[in-house]
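Fold and geometry: a report
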Amino acid sequence: MQNNVRPADMERITTLEQANAFIDEQVKEVRAQVGDKKVLLALSGGVDSSVVAALLIKAIGKQLVCVHVNHGLMRKGESEQVIEVFGKALDANLIYVDATDRFLDLLAGVSDPEKKRKIIGAEFIKVFDEEAAKLDGISFLAQGTIYPDILESIKAAESGKPVKSHHNVGGLPEDMAMSLVEPVKLLFKDEVRVVGEALGLPHGMVYRQPFPGPGLGVRCLGAITRDRLHALREADAILREEFDKNGLAGKVWQYFIAIPDIKSVGVRNEMRYEGWPAIIRAINTTDAMTATIEEIPYALLHHITHRITHEVEGINRVLMDLTPKPIGTIEWE
Ligand code: XMP
């Protein structure tokens with residue numbers, strides 16, 4: 001699949017049968033493209049890179065080398081799941097790099113959102129390059145590019161005005177002399193999910209809500225500190241757990257916590273307790289270009305507030321963001 005335009009008559013993949021036919025076709029194409037050479041993949045654990053990994057493992061097994069860079073900005077349990085699913089269950093050739101300290105040291109004191117994004121994006125490529133340089137005989141780079149990435153890049157290039165510098169849609173670093181393997185680049189997200197299911201990936205991984213490349217880095221607002229990042233990760237895990245338990249996980253397109261760099265006065269155990277506010281954002285959208293606010297039952301909001309303020313060190317208030325897009329973007333940074 002060399003070209004970047006989805007043929008007008010390409011059928012949408014909605015059933016497991018169609019997904020299996022797509023997988024068979026891609027397995028053949030990838031084998032023909034790659035031969036006995038090695039392929040490198042940056043495996044974030046998101047839907048797209050995970051589906052590409054599972055597809056390539058099926059096609060070329062250990063010729064695929066997956067590198068998972070933990071930038072320290074992952075959600076709770078995510079890197080562990082990558083190791084569990086790919087390193088253990090699928091027995092992939094997986095290199096796990098814990099680069100938390102590198103990223104957090106570089107980000108210390110940086111409060112400008114665009115600077116943070118640029119640092120995270122550039123360091124990600126650097127860490128990945130360093131790992132690639134240690135490997136022998138890699139001829140191909142696999143990417144989880146999907147069709148909306150291609151459409152959006154074309155639009156941004158035409159208008160010259162992207163709203164934010166998205167990381168992980170930039171493509172190949174210029175000095176990496178490798179050909180690309182992009183088996184799902186003509187698919188839309190819903191199709192990628194059906195393919196993921198057909199490949200036997202866990203439901204939670206396949207139907208995971210979108211997560212930005214810079215991860216919790218753009219939700220720990222302003223200059224990131226380890227304690228606030230930790231509080232964010234814990235509060236976010238509680239929100240996700242409660243949405244799962246209450247049937248909202250499949251209904252709400254994206255939901256997360258953001259924590260600003262401000263403290264307010266509260267009281268805990270009859271003592272003055274200064275803490276950060278945790279801001280809940282829960283939105284619905286079809287294409288992430290516009291978004292509406294999901295109405296969450298008040299009783300559930302009370303319960304989540306209670307849990308976060310009692311279970312997470314450093315948080316003493318919970319707020320709800322009621323801003324649609326536009327005027328707000330989905331992420332806060
Ligand atoms: P915004 O904040 O621009 O977000 O309204 C729109 C959607 O894009 C996600 N997002 C990103 N995804 N890399 C990504 O892959 C990024 O750098 C990035 N920034 C934002 C955001 O979570 C939302 O779904």
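Structure shown above.
Below is a summary of the structure that appears in this document. (Residues numbered from 1 in each chain as written. Predicted model: local features only at pLDDT ≥ 70, side-chain atom pairs only at ≥ 80, totals over all residues. Heavy atoms only, no water.)

1. A few points about the layout of surface pockets
Applied cut-off: The method works on a 1 Å grid over the protein atoms by themselves. A cavity is a set of points holding a 1.4 Å probe that cannot get out, a pocket is an open set with protein on both sides within 12 Å along at least five of seven lines, and residues with an atom within 4 Å of a point line them. Grid points are joined across faces, edges and corners, and a volume is the space filled by probe spheres set on the points. By definition, any uninterrupted DSSP run of H or I lasting at least four residues is a helix, any uninterrupted run of E lasting at least two residues is a strand, and each is numbered from the N terminus. Each residue gets one of three labels, nonpolar for Ala, Val, Leu, Ile, Met, Phe, Trp, Tyr, Cys and Pro, charged for Asp, Glu, Lys and Arg, and polar for the others, Gly among them.
Considered as a void within the structure, the second largest pocket measures approximately 230 Å³ in volume. Forming the walls of the second largest pocket are 13 residues, and the residues nearest its centre are I296, Y298, L301, L319 and M320. Where the lining of the second largest pocket is concerned, the elements lending two or more residues are α10 (298–311) and β10 (315–320). The residue makeup of the lining of the second largest pocket, split by class, is nine nonpolar, two polar and two charged.

2. Structural notes on the environment of N316
What counts is decided by this rule: Three labels apply to residues, based on accessible area from a 1.4 Å probe with only protein chains included: buried if under 20% of the type maximum, exposed if over 50%, partly exposed otherwise in between. Should any heavy atoms of two residues lie within 4.5 Å, those residues are counted as being in contact. Here a polar contact is recorded for every N or O atom pair within 3.5 Å, except that within protein the pair must consist of a potential hydrogen donor and a potential acceptor, and residues adjacent in sequence are included only if both atoms are side-chain atoms.
Take N316: it is sitting in strand β10. For N316, a relative accessible area of 16% corresponds to the buried category. Between the C-alpha atoms of N316 and I95, which are 221 residues apart in sequence, the distance is 39 Å. Those residues in contact with N316 that sit more than four places away from it in its chain are S264, V265, G266, Y273, E274, G275, W276 and T309. Within the structure, N316 has its side chain in polar contact with the backbone oxygen of S264 (distance 2.9 Å).

3. Here we look at the packing of helix α1 (residues 16–34) against helix α2 (residues 47–60)
Put simply, the test is: Angles shown run from 0 to 180 degrees and are taken between the N-to-C directions of axes, each axis being a line fitted to C-alpha atoms and, for helices, limited to the stretch in contact. Crossing handedness is defined as follows: a turn of the near helix away from the far one that is anticlockwise and smaller than a right angle gives a left-handed crossing, while the clockwise case is right-handed.
Where α1 meets α2, the closest approach of the two axes is 9 Å, and the angle between their N-to-C directions is 65°. Handedness of the α1/α2 crossing: right-handed. Of the residues in α2, those touching α1 at F22, I23, Q26, V27, V30, R31 and V34 are L55, L56, K58, A59 and I60. In terms of residue class, the contact of α1 with α2 is made up of nine nonpolar, one polar and two charged.

4. Some words on the environment of R31
If you trace the backbone, R31 turns up in helix α1. For R31, a relative accessible area of 45% corresponds to the partly exposed category. For the pair R31 and L56, spaced 25 residues apart in sequence, the C-alpha to C-alpha distance is 9.1 Å. Not counting residues within four places of it along the chain, the set of residues in contact with R31 comprises K58, A59 and I60. Of the polar contacts made by the side chain of R31, one reaches the backbone oxygen of A59; its length is 2.8 Å.

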